Amino acid sequence: LLGDHAPPPSPGDEAAAVAEAITRVLQLQKRLNGRQEAQATEKHRLLDRIRDLERQAAQPDASLMAKPKAGSYAPPSRTSASARPAPSASSAVGDALRGGLGKLRE
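Rules and cut-offs
Residues numbered from 1 in each chain as written. Predicted model: local features only at pLDDT ≥ 70, side-chain atom pairs only at ≥ 80, totals over all residues. Heavy atoms only, no water. Helix = DSSP H or I, 4+ residues; strand = E, 2+ residues; numbered from the N terminus. Buried < 20%, exposed > 50% of the residue type's maximum accessible area, 1.4 Å probe, protein only. Areas by Shrake-Rupley, 256 points an atom, 1.4 Å probe, with all protein chains shown as cover. Salt bridge = Lys/Arg side-chain N within 4 Å of Asp/Glu carboxyl O. Patch = residues over 30% accessible without salt bridge, like charges linked within 9 Å, V, L, I, M, F, W, Y side chains within 5 Å. pLDDT = per-residue confidence, 0-100.

On a plain count of helices and strands, the chain comes out with 3 helices and 0 strands. Shown N-terminal to C-terminal, the secondary structure of the chain runs as helices and strands in the order α-α-α. Within the span of the chain, comprising 106 residues, buried residues form 2% of the whole. For the chain, the exposed surface amounts to about 10,300 Å²; the carbon and sulfur share of it is 59%.

Printed below as a string of structure tokens:
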């Protein structure tokens, strides 16, 4: 049972060697049982976690499904006297190019 770690047999120590081997086997069996129980417990915990995550993934997201209430959103007013209209993308690009080309000419 102990392989290369077994002490050399001696005529008077047979009973002691058998008792020691049995003790070692029982210790190893106890450790094995404890590890198997811990593994089973961890496996169940992980399975429960996976089921919870699958349930969450199967449910539609409440924030995406919520419809805004009527009147809860009001776009900003564009009639303000201090507000000027935003330039279009093409006019902004044109202005940038004119500014950059003007610097090159100087």
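Our next topic: the pattern of salt bridges. One pass over the full model with this rule turns up 3 salt bridges. In this structure, the salt-bridge partner of Arg51 is Asp48, at a minimum N-O distance of 3.0 Å. Of this pair, Arg51 and Asp48 both sit in helix α1 (residues 14-58), 3 residues apart, which is roughly one turn of that helix. By relative accessible area, Arg51 is classed as partly exposed at 42%. Classification of Asp48 as partly exposed rests on a relative accessible area of 41%.

Right, let's talk about a nonpolar patch on the surface for a bit. Together, Val18, Ile22 and Leu26 make up a nonpolar patch on the protein surface, roughly 290 Å² of accessible area in all. Relative to the helices and strands, Val18 resides in helix α1.

Now for the confidence of the model for the chain. Summing up the model confidence of the chain, the mean pLDDT is 77 and the portion of residues at 70 or higher is 55%. Summarising per-element confidence for the chain, the mean pLDDT is lowest in helix α2 (residues 62-65) (61) and highest in α1 (95).

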